[in-house]
Amino acid sequence: MDYLDLDLSVTTEDMALRQTAHKFAAEVMRPVAKKLDGMSAEEAIAKDSPLWDFLKAAFKQGYHCFYLPAEVGGTGLSPLQSHIVTEELGWGSFGLTVLLSVISMPFALIAARAMLTGDMTLAETFVRPFCECKDGSMRGCWAITEVEHGSDLIACEEQIFCKPDVRWNVKARQEGAEWVINGQKAAWVSGGTIANYALLFAEMDASKGIAGGGVFFCPLDIAGVTKGKPLEKMGQRDLNQGEIFFDNARIPADYLLFGADMLMFLHSATLSNANAVMGNIATGLARASFEEALNFAKVRIQGGKPIVEHNSVRQRLAEMFAKVETCRALSRTVRAYNTAPPNGIPFLEYSVASKITCTRLALEVADEAIQLFGGNGVCREYLPEKLFRDARASLIEDGNNEILAMAAGKTIAESYPRSG
Ligand SMILES: Cc1cc2nc3c(=O)[nH]c(=O)nc-3n(C[C@H](O)[C@H](O)[C@H](O)COP(=O)(O)OP(=O)(O)OC[C@H]3O[C@@H](n4cnc5c(N)ncnc54)[C@H](O)[C@@H]3O)c2cc1C
């Protein structure tokens, strides 16, 4: 289904990208997402799973690297184009879009460091081959959450972040020209059991608590790294998740991307980017739910006519439509600003505003779609049931919405009004 884009700056080239992404989302993502949703977490990553063909197809299209700058081999899409493509992929499947975005995270951070320091060594070794990879074989993940630390790590604006007695479970200690890594990351790491590279957050300086952490690029096919079982969950079942264990795993000293001195800035910037993307993906899910409801309302006959001809149904569709447009307007503006902020510093509170608003609205639209489907709405046969479960998980993903709001609230209290 096509839609009118109110943004008059959208070009015909942008529209062509959207059409290609939409075709991919409709013809490749949705069928695979439906199959994965119905499988066990183990089956979903087995050798014969459709996941692998999906990844190959997505990598061929460059959907694994469109967040990366052209200087290191990325597709170099503009922030607007990234938003447009991400919305379409989110329309196809929330979970698979999250997977594609975490797959690029270790490489994106190597690229960010290369841009800051001018040292392209790691970028040439890893990022360019990643961007050129067409078979889905280079897969990253974002390994931050720990068994004992979920919200602690998200609330980077809160005091808990700097308490010396609240320490990372995963610890890195330097021995000569290597870092030695020990500890465990939680089962929540998206793509964790199928990734071969991690963007790893780990303790470097115990005296500073969580704030004493560093950010490492860590290959996962090295001695001392093992994985847990893939996680069974209610929503986003097409998104693989699982634990990663480190037992004296050794990586070269220069795989430390950002030290403790940079952690607060880096963490806030990473979260700003991740939350902006989440708002963007949620926009796609909200639109998918709205379109399902509209299409169904045109064919479901009750009271002697299609239910879309009942005024109260039209009113509900109009409210759903308004929520979708709100999601797109907010998530696009935030994504455009925070992807390339004029002074180089993304504003976390705007990304949080987008994430918490769009995920909440996406859940509301998915909920209303189920209601409009009547009894069919709670059947697995129809898409809204999956959209609802996927939307529910997004209120916790990348930080519980209320914890994100706490962090953003502190910034707002201290720095509103912002100037660019
Ligand atoms: C679908 C999905 C994908 C994810 N992907 C990743 C990933 O790729 N990488 C990764 O590392 N992690 C990932 N996560 C983990 C996610 O970031 C955490 O689940 C999230 O930060 C919440 O942490 P928690 O589950 O430990 O909950 P907790 O932090 O234990 O929170 C439990 C409850 O306590 C409340 N609470 C906690 N602290 C406070 C406080 N200080 N004040 C008031 N209330 C509080 C919370 O609001 C919440 O209601 C993912 C999670 C999901 C669901």
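With that settled, the discussion passes to the environment of R300. Position of R300 relative to the elements: it lies in the loop between α8 (260-299) and β9 (301-302). Along the primary structure R300 and L372 are separated by 72 residues, whereas in three dimensions their C-alpha atoms are 9.7 Å apart. With residues near it in sequence (within four places) discarded, R300 still touches K305, P306 and I307.

Moving on, we come to unusual backbone geometry. Here Y416 and P417 are connected by a cis peptide whose omega angle stands at 0 degrees. Tracing the backbone through its elements, the reader meets P417 in the segment after α12 (401-415). Positioned with a positive phi, N248 is a non-glycine residue whose angle comes to about 55 degrees. Relative to the elements of secondary structure, N248 occurs in strand β7 (residues 244-252). On the accessibility criterion, N248 (41% relative accessible area) is partly exposed. Even without being glycine, D398 reaches a positive phi, approximately 60 degrees. In this fold, D398 is placed in the loop between α11 (383-394) and α12.

Let us look at the domain arrangement of the protein chain. Partitioning the protein chain into domains gives domain 1 (12-132), domain 2 (140-258) and domain 3 (263-415). A straight line from the C-alpha centre of domain 2 to that of domain 3 covers 29 Å. Each side of the interface is counted separately: domain 2 has 24 residues, and domain 3 has 25 residues. Interface of domain 2 and domain 3: buried area, both sides summed, is about 2,100 Å²; carbon and sulfur atoms make up 69% of it. In this structure, the connection of domain 2 to domain 3 is made through one salt bridge.

Right, let's get into the packing of aromatic side chains. The geometry of two aromatic rings is summed up by the distance between their centres and the angle between their planes. Taken as a whole and assessed by the stated rule, the structure comprises 21 aromatic pairs. Seen from their ring centres, F59 and F130 are 6.1 Å apart, and the 85 degrees between their planes marks the pair as edge-to-face. You can see F59 sitting in helix α2 (residues 50-61) and its partner F130 sitting in helix α6 (residues 121-132), a full 71 residues away along the chain. The exposure class of F130 is buried, given its relative accessible area of 0%. The interplanar angle of 65 degrees and the centroid separation of 5.5 Å between the aromatic rings of F373 and Y382 together place this pair among those described as edge-to-face.

This part is about the pairing of β7. Pairing geometry for strand β3 (residues 178-185) and β7, over seven bridges, is antiparallel. By the bridge assignment for β7, V180 is matched with R250. Here strand β6 (residues 225-227) pairs with β7 via three bridges, running antiparallel. Each bridged residue has a counterpart across the sheet, and for V225 the counterpart in β7 is F246.

The relative placement of two packed helices is expressed as an angle between their axes plus a distance between the axes. As a packed pair, helix α10 (residues 348-373) and α12 sit with axes 9 Å apart at the nearest point and diverge in direction by 145 degrees. In this structure, α10 meets α12 at a crossing whose hand is left-handed. Contacts from E349, V352, K355, I356 and T359 in α10 reach N401, L404, A405, A408, T411, I412 and S415 in α12. Tallied by class, residues from the contact of α10 with α12 come to six nonpolar, four polar and two charged.

A few words on the site of the ligand. Around the ligand, the surrounding shell holds 19 residues, and the nearest of these are W142, T145, S151, S190 and E402. In the model, a nitrogen atom of the ligand is placed 2.7 Å from a nitrogen or oxygen of the W142 main chain. Separating a nitrogen atom of the ligand from a backbone N or O atom of W188 is a distance of 3.2 Å. In the complex, the protein chains occlude 68% of the 980 Å² of accessible area that the ligand would expose alone. For the shell around the ligand, the secondary structure elements donating two or more residues are α7 (151-154) and α12.

About the cut-offs
The numbering scheme is per chain: residues are counted from 1 as the chain's sequence reads. Owing to the predicted nature of the model, reporting of local features is limited to residues with pLDDT of at least 70; listing and counting of side-chain atom pairs is limited to 80 or more, with chain, interface and lining totals taken over all residues. Side-chain numbers here rest on the full set of heavy atoms in the structure, without hydrogens or water. Going along the chain from the N terminus, every DSSP run of H or I of four or more residues is numbered as a helix, and every run of E of two or more is numbered as a strand. We call two residues in contact whenever any of their non-hydrogen atoms come within 4.5 Å of each other. Relative accessibility decides the category of a residue: with a 1.4 Å probe and only protein chains considered, values under 20% of the type maximum give buried, values over 50% give exposed, and everything between is partly exposed. Each domain's limits were defined by an automated method or a database of domain assignments. Here the quantity called buried area is the accessible surface, traced with a 1.4 Å probe, that two parts lose on coming together, added over both. Criterion for a salt bridge: a side-chain nitrogen of Lys or Arg within 4 Å of a carboxyl oxygen of Asp or Glu. Two aromatic rings from Phe, Tyr or Trp, using only the six-membered ring of Trp, form a pair when their centres are within 6.5 Å; if the ring planes differ by under 30 degrees the pair is stacked, by over 60 it is edge-to-face, and anything between is tilted. Pairing between strands requires that DSSP locate at least two bridges from one strand to the other. To obtain each axis, a line is fitted to C-alpha atoms, and for helices this fit is confined to the stretch in contact; angles are then taken between N-to-C directions over 0 to 180 degrees. Handedness of each helix crossing follows the sense of rotation of the near helix against the far helix: counterclockwise by less than a right angle gives left-handed, clockwise gives right-handed. Under the convention adopted here, Pro, Cys and the residues Ala, Val, Leu, Ile, Met, Phe, Trp and Tyr are nonpolar, Asp, Glu, Lys and Arg are charged, and Gly plus all remaining residues are polar. In this text, near means that some heavy atom of the residue lies within 4 Å of the molecule or strand in question. N or O atoms within 3.5 Å of each other form a polar contact, as long as, within protein, one can give a hydrogen and the other can take it, and as long as residues adjacent in sequence are counted only when both atoms are side-chain atoms. With residues, only the protein chains shown are counted as cover, and all accessible areas are computed by Shrake-Rupley using a 1.4 Å probe.

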